[in-house]
Amino acid sequence: MYPSRFRYEAPRSLEEAIALLQEGAGEAKVLAGGQSLVPLMKLRFAAPELLVDINNIPGLDQLQVGADGEIRVGALVRHRDVERSPDIARSQPTMAAAAPLIADPVVRVRGTLVGSLCHADPQGDWAAVVTALGGRVVAQGSAGRRTIAITDFVTGPFQTVLAPDEVVVEAVLPAPQGQVAGGFLKLERRVGDFATAGTAVALELDDAGRVARAGIALTGVGSTTIDARTAADAVVGQPLTPEVIGRAADLAAEAAQPSTDHRGSAAYKRHVIHTFVTRILTRVSHRAEEAA
Ligand code: FAD
């Protein structure tokens, strides 16, 4: 199907984009990579009257890893930029593991990490990663600039707290305090598919190999990304023994809210989450032992 008729604008500054969004009065949409919005428009699930293409706005394509390890991902950083970044490969194992699992190579060339957060698909992968890392987004609109924790940003399936005239300019992953570890695992029916179930784990370890900070987040097993906080809290202050790992896996599987569908039964998806948490934490513990 063809999309409904729409007006297209490609502003060259953020201020101009915000003014256009204001003019659109709720009927305008930001266009970033177009990998979620355009298919929705073709299916007529979305019919914005105005598309505000942000691809010509300078400065939004920066992927920066600071000396302290803080990561800033601009609104035009593509999935592939994250996948191919040596800085991410060296410093951030959860992001590095997730990037090659987003969709397929064609989608990864155009789609953006920030666009994925804004789209708020319950099966999106980046929201789980950013949640596990305790990240935030920076949004700018006619009322100024504000920072929103990712856990406050998404309010429901395909819903966020963004005002109609706000553009997310970047996602920020805070500087770690300890040694960084973690991973991302995703079960997909075939390469390029959305998650049947996925798990992001982000850890910081102290010098003794105990967990100083933890985040565990789940995708595909609820109406939004699930912040499995109780599971993460169960490993904080602990060495990663099989007992501690088993407890965290139990709590993560309990936190999942899967439904039975064509991808699998609810019980199966819970089992997958249990397995993924166990697998990621066990790998981290083996690596910590090898390094000691
Ligand atoms: P767009 O499509 O341009 O926009 C998506 C939504 O976000 C729109 O509502 C838009 O207005 C809004 N938006 C975008 N950027 C901003 C901004 N800076 N500020 C405010 N609002 C903004 N995703 C996964 O996570 N895992 C997968 O396995 C996966 N598989 C896919 C397979 C296929 C075949 C396709 C087509 C897509 C798949 N996706 C998957 C989605 C893909 O990752 C998208 O790229 C991503 O969800 C949206 O990013 P985008 O830049 O393309 O956003």
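One numbering rule holds for all chains: residues counted from 1, following each sequence as written. Per-residue local features are limited, in this predicted model, to residues with pLDDT of at least 70; the limit for side-chain atom pairs, both in listing and counting, is 80 or more; totals at the level of whole chains, interfaces and linings are taken over all residues. Values reported for side chains reflect all heavy atoms of the structure, with hydrogen atoms and water molecules removed beforehand.

*Asks:* So what exactly am I meant to see when it comes to the overall build of the chain here?
*Replies:* Think of it this way: any DSSP run of H or I at least four residues long counts as a helix, any run of E at least two long counts as a strand, and we number them from the N terminus. Along the backbone of the chain there are 12 helices and 14 strands. The atom set for the radius of gyration is the C-alpha atoms, and the globule formula is 2.2 Å times the number of residues raised to the power 0.38. Computed over its C-alpha atoms, the radius of gyration of the chain comes to 19 Å, within 12% of the 19 Å expected for a compact globule of 292 residues. Partly exposed residues are those whose accessible area sits between 20% and 50% of the maximum for their type, while under 20% is buried and over 50% is exposed, using a 1.4 Å probe and protein chains only. Residues counted as buried form 48% of the 292 residues belonging to the chain. Put simply, of all contacts in the chain between residues at least 6 apart along the chain, 62% involve residues at least 24 apart. Here the accessible surface of atoms and residues is derived via Shrake-Rupley with a 1.4 Å probe, and residues count as covered only by protein chains that are part of the display. Accessible surface, the chain: about 13500 Å² in total, of which carbon and sulfur atoms supply 51%. Averaging the locations of the 29 positively and 33 negatively charged side chains of the chain gives two centres separated by 5 Å. Two residues form a contact once any of their heavy atoms are found within 4.5 Å. His is not counted, nor are the chain ends; Lys and Arg add positive charge and Asp and Glu add negative charge. Positions of charges follow a simple convention, taking NZ of Lys, CZ of Arg, CG of Asp or CD of Glu.

*Asks:* Would you explain the packing of helix H11 (residues 242-255) against helix H12 (residues 266-291) in this entry?
*Replies:* When two helices pack together, their arrangement is given by the angle between the helix axes and by the axis-to-axis distance. Angles here are taken between N-to-C directions and fall from 0 to 180 degrees, while the axes themselves are lines fitted to C-alpha atoms, restricted in helices to the stretch in contact. Running from N to C, H11 and H12 point in directions that differ by 150°, and their axes come no closer than 8 Å. Taken together, H11 and H12 sit at an angle that is classed as roughly antiparallel. At the point where H11 passes H12, the crossing takes the right-handed sense. Where H11 approaches H12, its residues Ile245, Gly246, Ala248, Ala249, Asp250, Ala252, Ala253 and Glu254 are matched on the opposing element by Arg270, Ile273, His274, Val277, Thr278, Leu281, Thr282 and Ser285. Here the residues of the contact of H11 with H12 are counted per class, giving 8 nonpolar, 5 polar and 3 charged. The labels follow the angle: roughly parallel below 35 degrees, roughly antiparallel above 145, roughly perpendicular from 65 to 115, and oblique for the rest. Each crossing gets its hand from how the near helix is turned against the far one by less than a right angle, where anticlockwise is left-handed and clockwise is right-handed. Amino acids are sorted into nonpolar (Ala, Val, Leu, Ile, Met, Phe, Trp, Tyr, Cys and Pro), charged (Asp, Glu, Lys and Arg) and polar (every other residue, Gly among them).

*Asks:* Would you explain the site of the ligand in this entry?
*Replies:* Throughout, the term near means that a residue has one or more heavy atoms lying within 4 Å of the molecule or strand in question. Near the ligand there are 32 residues, and of these Val30, Gly34, Leu37, Thr112 and Lys186 occur at the shortest range. Within the backbone of alanine 32, one N or O atom sits 2.8 Å away from an oxygen atom of the ligand. With respect to the ligand, the backbone of alanine 103 contributes an N or O atom lying 3.1 Å from an oxygen atom. In the complex, 90% of the free accessible area of the ligand, which totals 960 Å², lies under the protein chains. What qualifies as a polar contact is a pair of N or O atoms within 3.5 Å, subject to a donor-acceptor requirement within protein and to the restriction that residues adjacent in sequence count only when both atoms come from side chains.

*Asks:* Where do I start with the pairing of strand S12 (residues 197-205) in this structure?
*Replies:* Residues in a regular strand point their side chains to alternate faces of the sheet. Most of S12 sits out of view: 9 of its 9 residues are buried. At least two DSSP bridges between two strands are required for those strands to pair. Alignment of strand S11 (residues 179-187) against S12, held across 9 bridges, turns out to be antiparallel. Across the sheet, leucine 187 pairs through a bridge with alanine 197, a residue of S12. Two strands pair when backbone bridges link them, and S12 and strand S13 (residues 211-219) are joined in this way by 8 bridges, in the antiparallel orientation.

*Asks:* Mind showing me how you'd approach the domain arrangement of the chain here?
*Replies:* Where interface size is quoted, it is often the accessible area lost as the parts come together. All domain edges in this entry derive from an automatic or database-based domain assignment. If you check the domain split of the chain, you get domain 1 (7-53), domain 2 (63-173) and domain 3 (179-291). Tallying the contact residues gives 12 residues for domain 1 and 15 residues for domain 2. The term buried area refers to how much accessible surface (probe radius 1.4 Å) is lost by two components on association, counted for both of them together. A buried area of about 1100 Å², summed over both sides, lies between domain 1 and domain 2, and 71% of it is on carbon and sulfur atoms. Taken as a group, Leu14, Ile18 and Gln35 account for 41% of the area that domain 1 buries against domain 2, more than any other trio of residues on that side.

*Asks:* How should I be thinking about the sheet that holds strand S2 (residues 28-31) in this particular structure?
*Replies:* The strands making up a sheet are joined through hydrogen bonds of the backbone, oriented either antiparallel or parallel. The strand order across the open sheet built from 3 strands is S1-S3-S2, with neighbouring strands paired in parallel fashion. What marks the edges here is a single partner per strand, and that holds for strand S1 (7-9) and S2. Going from strand to strand, the sheet's axes swing by 25° on average, the running direction of each strand aside. Bridge analysis of S2 against strand S3 (residues 50-53) gives 4 bridges, and the strand direction is parallel. Residue pairing for S3: leucine 31 is matched across the bridge by aspartate 53. Of the strands in this sheet, S1, S2 and S3 touch helix H1 (residues 14-24), which is tilted by about 170° from S3.

*Asks:* Got a minute to help me understand H12 in this structure?
*Replies:* Since the α-helix packs 3.6 residues into each turn, any two residues three or four apart lie on the same face. For a helix, the expected span equals 1.5 Å multiplied by the residue count minus one. An ideal rise of 1.5 Å per residue puts 38 Å on 26 residues; H12 measures up with 38 Å between its terminal C-alpha atoms. Packing partners of the buried residues in H12 comprise S11, S12, S13 and H11.

*Asks:* Whenever I open this one, the pairing of strand S10 (residues 167-173) confuses me. Can you help?
*Replies:* Burial within S10 is extensive, with 7 of its 7 residues counted as buried. When strand S5 (residues 71-74) meets S10, the two strands line up antiparallel, connected through 4 bridges. Across the sheet, arginine 72 pairs through a bridge with valine 172, a residue of S10. Of the strand pairs in this sheet, strand S6 (residues 136-141) and S10 are connected by 5 bridges, and their pairing is antiparallel. Bridge pairing in S10 places valine 138 opposite glutamate 170.

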